[in-house]
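Fold and geometry: a report
Here is how the chains run, residue by residue.
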Amino acid sequence: MSHACNLIIDSCCDLPFEVVDRDGVELIQFSYVLSDGEHADDLYRTASAHDFYQAMRDGEEPTTAQVPVPVFRAAFERAIQSGVPTVYLSFSSGLSGSYDAAALVYEQMMSAHPDAELYLVDTRLASIAEGLLVYEALRQRDKGLTAHELAEWAEEACNFVDAQFMVDDLESLRRGGRIPASVAFAGSKLDVKPMLVIGQDGKLSLAGVARGRKKGLKQLADYYQKRVADKGPGQCVVIASADCAKDVERLKEALSKIDDSILFLESSVGPVIGSHVGPGMIAMVFWGGDKREELSVADRIARKIRQS
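Residues numbered from 1 in each chain as written. Predicted model: local features only at pLDDT ≥ 70, side-chain atom pairs only at ≥ 80, totals over all residues. Heavy atoms only, no water.

**What to know about the overall build of the protein**
- Per the secondary structure count, the protein includes twelve helices and 13 strands.
- In summary, the protein has a C-alpha radius of gyration of 19 Å against a globular reference of 19 Å for 308 residues, a match within 12%.
- Counting only C-alpha atoms and orienting by the principal axes, one finds that the protein spans roughly 55 × 50 × 45 Å.
- Counting the 308 residues in the protein, one finds 50% classified as buried.
- Within the protein, residue pairs in contact and separated by at least 24 positions form 77% of the contacts whose partners lie at least 6 positions apart.
- The protein carries 33 positive and 46 negative side-chain charges, and their two centres are separated by 8 Å. (Helix = DSSP H or I, 4+ residues; strand = E, 2+ residues; numbered from the N terminus. Rg over C-alpha atoms; globule rule 2.2 N^0.38 Å. Buried < 20%, exposed > 50% of the residue type's maximum accessible area, 1.4 Å probe, protein only. Contact = heavy atoms within 4.5 Å. Lys, Arg positive; Asp, Glu negative; His and termini not counted. Charge placed at Lys NZ, Arg CZ, Asp CG, Glu CD.)

Put into structure tokens, the structure is as follows:
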């Protein structure tokens, strides 16, 4: 099947490899470092999710790094030389400097090749939230969207991806600098399960807490019921977990009681995201309302000033 454009995606979308393994799709692999050295995030083709998270339970403290500039340069050069218009859907700039590195290379490449059709989109999403956008972008590409149209679609669609995550504790996020130490300390003292969301700025924020995992799963289902936009047959919900398969089944059961026609797509939280959230995270993603309408009054004023 020929397409009007190609896609570049990255491994932080946390989709199963078989979902993204198709013609005209290039995967940029983030890396993570364990005590035995550096590993590529290849969507669990060479190491299982269980092995990775069990290593963390056993004391491993993985670290992550930005994608090196030469990796972006090589990928963008291949895209330009292919002659096929291409869109890169990037991991959130709010959680990694990799987008800034990609943007730098992009500007250099476009200066050298001003006629090239190459588009760069900051999804401001992470993990399976980014994955839902990529999954739907692949469908839209199959429907015939051009690269320009797909880039515009993605810029708008990322505002409607709704996600909530339950993590077992906040220590891994604190260690990686993704949340303030004071928040992690409070969470540990209260012995609660933190509920996180991705803000409009692409950063993680604490949305609430649950007293135990069972209540946390109920809160996820309640969150879906309140915020889902398309209440009809075939609504897609993506669920990803950091090695907690039983909770995935419990969440699916709770969501099916709300709507028995939900189409579930399941995945595992990848090692790059997993390095920062730790074992036991469960994520739920679906199409919701426009997040721009949820900005605070002060943020709405600031946005209006920028636009004027």
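**Quick word on the state of the cysteines**
- Here the structure, examined in full by the defined rule, presents zero disulfides.
- Lacking any disulfide linkage, Cys 12 is separated from the closest cysteine sulfur, that of Cys 13, by 8.2 Å.
- Free of any disulfide, Cys 236 has its nearest neighbouring cysteine sulfur in Cys 13, separated by 14 Å. (Disulfide = S-S within 2.5 Å.)

**Examining the nonpolar core**
- Counting residues in each nonpolar core, the largest one holds 78 residues, and the members touching the most others are Phe 72 and Phe 76.
- Residue contributions to this core peak at eight residues, all from helix α4 (residues 98–112).
- What Phe 72 contacts, discounting residues up to four positions off in sequence, is Ile 28, Val 67, Tyr 88, Ser 98, Ala 101, Ala 102 and Val 105.
- By size, the runner-up hydrophobic cluster in this structure holds 20 residues, among which are Leu 217, Ile 239, Cys 244 and Leu 255. (Core = buried A, V, L, I, M, F, W, Y, C linked by side-chain atoms within 4.5 Å.)

**Let's talk about the packing of helix α3 (residues 69–82) against α4**
- For the pair α3 and α4, the least separation of the axes is 9 Å and the interaxial angle reads 45°. As summarised for this structure, α3 and α4 are arranged oblique, according to the angle between their axes. Helix-helix and strand crossings are classified by hand; for α3 and α4 the assignment is right-handed. Side by side, α3 and α4 meet where Val 69, Phe 72, Arg 73, Phe 76, Glu 77 and Ile 80 of the first sit next to Ser 98, Ala 101, Ala 102, Val 105, Tyr 106, Gln 108 and Met 109 of the second. (Axes fitted to C-alpha atoms, helices over the stretch in contact; angles between N-to-C directions. Parallel < 35°, antiparallel > 145°, perpendicular 65-115°, else oblique. Left-handed = near helix turned anticlockwise from the far one by under 90°.)

**Topic: the sheet that holds strand β4 (residues 37–40)**
- Strand order across the open sheet formed by three strands is β4-β3-β5, with antiparallel pairing between neighbours. Every interior strand has two partners, whereas the edge strands, β4 and β5 (63–65), have only one. Across the sheet, the mean angle from the axis of one strand to that of its neighbour is 35°, orientation sign disregarded.
- Bridge count between strand β3 (residues 31–34) and β4: four bridges; the pairing is antiparallel. In the sheet register, Ser 31 faces β4, and the bridge partner there is Ala 40. (Pairing = 2+ DSSP bridges.)

**Thoughts on the packing of aromatic side chains**
- Scanning all chains against the criterion turns up nine aromatic pairs.
- Seen from their ring centres, Phe 72 and Tyr 88 are 5.9 Å apart, and the 45° between their planes marks the pair as tilted. Within this pair, whereas Phe 72 is found in helix α3, its partner Tyr 88 is found in strand β6 (residues 86–90), the two being separated by 16 residues in sequence.
- On the basis of relative accessible area, Phe 72 is assigned to the buried category, the value being 0%.
- With a centroid separation of 6.4 Å and 65° between ring planes, the pair formed by Trp 153 and Trp 287 is classed as edge-to-face. One end of the pair, Trp 153, is in helix α6 (residues 147–157); the other, Trp 287, is in strand β13 (residues 282–287), with 134 residues separating them in the sequence.
- By relative accessible area, Trp 287 is classed as buried at 15%.
- Grouped by ring-pair contacts, the aromatic residues Tyr 32, Phe 52 and Tyr 53 constitute a single cluster. (Phe/Tyr/Trp six-rings, centres within 6.5 Å; stacked < 30°, edge-to-face > 60°.)

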